[in-house]
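Residue-level structural notes
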Amino acid sequence: MAKKISIAIVILLVAVLAYAATKPDTFRVQRSAHIKAAPETVFAHIDTLSY
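Residues numbered from 1 in each chain as written. Predicted model: local features only at pLDDT ≥ 70, side-chain atom pairs only at ≥ 80, totals over all residues. Heavy atoms only, no water.

Counting its regular elements, the protein contains two helices and zero strands. Each principal axis of the C-alpha atoms in the protein carries an extent, and together these give about 70 × 20 × 20 Å. Buried positions account for 0% of the 51 residues belonging to the protein. Here the protein displays about 5,700 Å² of accessible surface, and carbon together with sulfur accounts for 67% of that area. (Helix = DSSP H or I, 4+ residues; strand = E, 2+ residues; numbered from the N terminus. Buried < 20%, exposed > 50% of the residue type's maximum accessible area, 1.4 Å probe, protein only. Areas by Shrake-Rupley, 256 points an atom, 1.4 Å probe, with all protein chains shown as cover.)

In structure tokens, the structure reads:
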């Protein structure tokens, strides 16, 4: 019984790894925000940021 469970776990692990191998190596994360203000107003705030 334990041997069958071990074999099933190994097969499941191989299937997951095979599926993961078909996925692309890179991905892209993107965020956006919509601000209801004039570009000049927004730029004035962003331009004065200090690090």
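After that view of the structure, there is still more to cover.
It is worth spelling out the environment of threonine 41 at this point. In this structure, threonine 41 sits in helix α2 (residues 39–47). Judged by its relative accessible area of 42%, threonine 41 falls in the partly exposed class. Distance in space between the C-alpha atoms of threonine 41 and isoleucine 11 is 59 Å, their sequence separation being 30 residues.

It is worth spelling out a nonpolar patch on the surface at this point. Together, Met1, Ile5 and Ile9 give the surface a local cluster of nonpolar side chains, amounting to about 370 Å² of exposed area. Among the secondary structure elements, isoleucine 5 is positioned in helix α1 (residues 2–21). Exposure remark for isoleucine 5: the relative accessible area of 45% places this residue in the partly exposed category. (Patch = residues over 30% accessible without salt bridge, like charges linked within 9 Å, V, L, I, M, F, W, Y side chains within 5 Å. Salt bridge = Lys/Arg side-chain N within 4 Å of Asp/Glu carboxyl O.)

Remember that the coordinates give geometry; whether it matters functionally is a separate question.
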